[in-house]
Amino acid sequence: MSMPFGYASPEQIMRDKADYARKGIARGRSVVVLQYEHGILFVAPNPSRALHKISEIYDRIGFAAVGRYNEFEALRLGGIRYADVNGYTYDRGDVTARGLANFYAQNLGQIFTESVKSFEVEIVVAEVGDAPEYDQIYRLTFDGSVFDEHGTSAMGGQAEAVGGRLKERYREGMPLAEALSAALFALTEPGGERPTATQLEVAVLDRNRPHRKFQRLTGPRLAALLEETAPKAAEPKEPKEPEAGAKPETPPTAPEGEIDTGSGD
Amino acid sequence: MAPHRELPAGLMNHLFHNTGSPSFTEFVGAYAPGLLPSRETLAAPVGDQIPHATTIVAATCAGGVVMAGDRRATSGNFISQRDMEKVFRADDHSCLGIAGAASIGIEMARLYRVELEHYEKLEGRTLSVVGKANRLSAMIRGNLAMAMQGMVVVPIFAAYDPDKDAGRIFGYDVGGGPYEQQQFHSIGSGSIFARGSLKKLYREGASPEDTVLACVQALYDAADDDSATGGPDVTRRIWPVVAVITADGFRRLSDEEVQGYVQTMLEGRMSDPDGPSAPLR
């Protein structure tokens with residue numbers, strides 16, 4: 001069968017695009033999102049104070065992303081406009097994470113099929129409800145697929161390994177300090193050193209806050225929380241040793257070298 | 001893909017279109033201009049036929065600012081609503097009160113809240129107090145054509161300024177503004193009486209509690225002499241809306257708290273109907 005010069009099958013094109021996007025996303029550090037007692041916690045290793053990976057979208061909705069900064073920043077801004085326009089047109093209560101996830105899915109899917117280069121991003125859209133059972137966490141991948149996550153979500157870097165460690169420590173209704181400790185356990189390579197307050201971007205959607213539920217945890221508050229979790233983090237070092245012996249090839253959290261600031265390269 | 005060229009990197013929806021400014025009003029004006037309040041002109045002045053909101057007072061206090069508004073809306077000579085709310089939270093450290101055409105005022109307050117929040121979320125910082133006051137001015141100017149037809153909206157804006165660690169108050173007219181006001185200010189049909197009252201009752205650097213009481217007194221004085229301003233409705237338990245903004249943020253006092261201030265004031269007025277008298281010298 002003769003092929004025109006330069007022909008590539010659609011399957012091949014899609015596979016190449018997906019591989020390209022996956023590689024880009026795996027280069028950075030992971031971000032984890034998990035439920036805790038009073039809402040939803042976002043944790044990202046990110047030494048930059050200006051370039052955020054975690055953001056507020058609306059009263060009850062938060063956003064977290066990994067991958068190429070300029071791309072997920074465009075998604076973030078579009079999402080804020082979507083939410084503000086809808087909240088202003090109808091009512092503030094009519095803006096939902098499900099609607100926003102669909103909006104993102106449509107656009108990411110379109111970009112994946114139509115553009116030469118797909119977005120190298122993975123995002124989480126989370127909404128805090130009046131009670132834990134009404135919390136929603138949606139994870140969206142570069143091709144517009146939507147995953148309805150329960151309890152925890154991890155993306156970017158060695159997402160599977162991080163997600164596995166997170167599930168290991170996660171239980172329903174954890175207090176904030178314990179949830180943060182679980183997130184840090186997941187984000188830290190086995191035997192590695194935990195990131196300090198200045199290397200972390202942490203935020204919560206706290207259902208008990210009035211008006212806007214999103215709040216960044218920074219400065220003294222974050223330092224105090226980290227201190228609270230520090231002794232607990234020292235314990236797991238004991239049981240980890242046999243585990244490390246049994247599975248010496250545990251995948252690392254992220255590649256060697258500088259922490260990714262999210263600004264791409 | 002050519003039609004989407006003006007959008008970043010293959011994005012389809014115009015919600016991704018960057019207008020080059022973090023202003024929500026500008027964005028919505030380009031994206032869905034019909035959503036903006038009142039950019040049209042009316043055939044004939046509607047004047048008294050639509051509900052009007054009346055008196056709002058604001059006064060600075062130690063470490064912040066207090067705003068209070070009565071609850072009445074009137075259409076000409078009849079009372080269209082007894083429990084109207086005219087003091088709105090704009091963001092964590094600012095609020096606005098509206099006087100004039102109620103419908104447009106409420107929509108303006110809603111838009112203004114989104115405007116401040118939109119900027120904050122896009123830019124990752126809060127607007128300066130003067131920046132906030134200027135944005136409101138542009139919004140009022142947008143309503144000028146309607147104002148000329150009788151749909152006048154004049155807001156009052158109050159905010160806690162972290163740079164000065166003090167409360168600040170801004171007034172406006174139908175063409176915009178802002179005019180920064182020292183100490184206290186009032187707007188609406190009863191504002192003349194409220195301002196006269198505050199002139200005698202305002203104490204520089206008084207506690208928020210004392211300032212709330214002064215504002216409640218001023219609203220009572222306005223209701224006393226202006227038919228369009230509602231006094232506290234004791235039988236229906238409708239009290240003025242009172243907001244206090246300090247470094248801790250915006251706080252609207254609960255009905256029970258306001259009831260306490262109103263009762264203190266009413267008890268005093270039982271023996272002295274004109275309220276506390278200021279010393280002559």
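Residues numbered from 1 in each chain as written. Chains lettered and ligands numbered in written order. Predicted model: local features only at pLDDT ≥ 70, side-chain atom pairs only at ≥ 80, totals over all residues.

A.B. asks: Just checking my understanding: could you explain the overall build of chain B for this structure?
C.D. replies: Secondary structure summary: chain B contains 7 helices and 13 strands in total. Rg of the C-alpha trace for chain B: 20 Å, near the compact-globule value of 19 Å for 281 residues, within the 12% margin. Expressed along its principal axes, the backbone C-alpha trace of chain B runs to roughly 80 × 45 × 35 Å. Counting every position in chain B, which comprises 281 residues, the buried fraction comes to 46%. A separation of at least 24 residues holds for 68% of the contacts in chain B among residues at least 6 apart in sequence. (Helix = DSSP H or I, 4+ residues; strand = E, 2+ residues; numbered from the N terminus. Rg over C-alpha atoms; globule rule 2.2 N^0.38 Å. Buried ≥ 20, exposed ≤ 12 C-beta atoms within 10 Å, placed from the backbone. Contact = placed C-beta atoms within 7 Å.)

A.B. asks: What's the story with the overall build of chain A in this structure? I'm lost.
C.D. replies: Across its full length, chain A carries 7 helices and 10 strands. Put simply, chain A has 265 residues, and 43% of those count as buried. A sequence separation of at least 24 residues applies to 69% of the contacts in chain A between residues at least 6 apart.

A.B. asks: Sorry if this is basic, but what is going on with the UniProt feature "active site" (unreviewed entry) in chain B here?
C.D. replies: Residues and elements named next belong to chain B. Residues annotated by UniProt as "active site" (unreviewed entry) correspond here to Thr54. Positionally, threonine 54 belongs in the loop between β1 (52-53) and β2 (56-61). Contact partners of threonine 54, with chain neighbours within four places excluded, come to Asp70, Arg72, Thr74, Ala99, Gly188, Ser189, Gly190, Ala228 and Thr229. (UniProt positions renumbered as here; feature names shortened; annotations may be inferred.)

A.B. asks: Help me understand the interface of chain B and chain A in this model?
C.D. replies: Accessible area lost during the coming together of the parts is what is often quoted as the interface size. Between chain B and chain A, the residue contacts involve 22 residues of the former and 19 residues of the latter. Going through the elements one at a time, α1 (24-31) and α2 (102-123) of chain B are the ones with two or more residues in the side of chain B that touches chain A. For the side of chain B that touches chain A, the leading source of residues is α2(B), giving 6 residues. Here the side of chain B that touches chain A is composed, by residue class, of 16 nonpolar, 4 polar and 2 charged. (Nonpolar A, V, L, I, M, F, W, Y, C, P; charged D, E, K, R; others polar.)

A.B. asks: Explain the sheet that holds strand β5 (residues 121-127) of chain A to me, please; I cannot follow it from the model alone.
C.D. replies: Hydrogen bonds along the backbone pair up the strands of a sheet, which may run parallel or antiparallel. Residues and elements named next belong to chain A. In spatial order, the strands read β3-β4-β5-β6-β7; together these 5 strands make up an open sheet with antiparallel pairing. Looking along the sheet, the strands with just one partner apiece sit at the ends: β3 (54-58) and β7 (146-149). Across this sheet, the average inter-strand angle for adjacent strands is 25 degrees, counted without regard to direction. Bridge count between β3 and strand β4 (residues 61-67): 4 bridges; the pairing is antiparallel. (Pairing = 2+ DSSP bridges. Axes fitted to C-alpha atoms, helices over the stretch in contact; angles between N-to-C directions.)

A.B. asks: Where do I start with the sheet that holds β2(B) in this structure?
C.D. replies: Residues and elements named next belong to chain B. Strand order in the open sheet formed by 5 strands is β11-β2-β3-β12-β13, with antiparallel pairing between adjacent strands. Of all strands in the sheet, those with a lone pairing partner are β11 (184-187) and β13 (249-252), marking the two edges. For this sheet, the mean inter-axis angle between neighbouring strands, taken without regard to orientation, is 15 degrees. Where β2 meets strand β3 (residues 64-69), 6 bridges bridge the pair, whose relative direction is antiparallel.

A.B. asks: Would you explain the nonpolar core in this entry?
C.D. replies: Where a protein is soluble and globular, its nonpolar side chains tend to be buried together. Formed by 148 residues in total, the largest nonpolar core has its most connected members in Val125(A) and Ala183(A). When near neighbours in sequence (up to four residues on either side) are disregarded, Ala183(A) contacts Val32(A), Leu34(A), Leu41(A), Val43(A) and Leu166(A). (Core = buried A, V, L, I, M, F, W, Y, C linked by C-beta atoms within 7 Å.)

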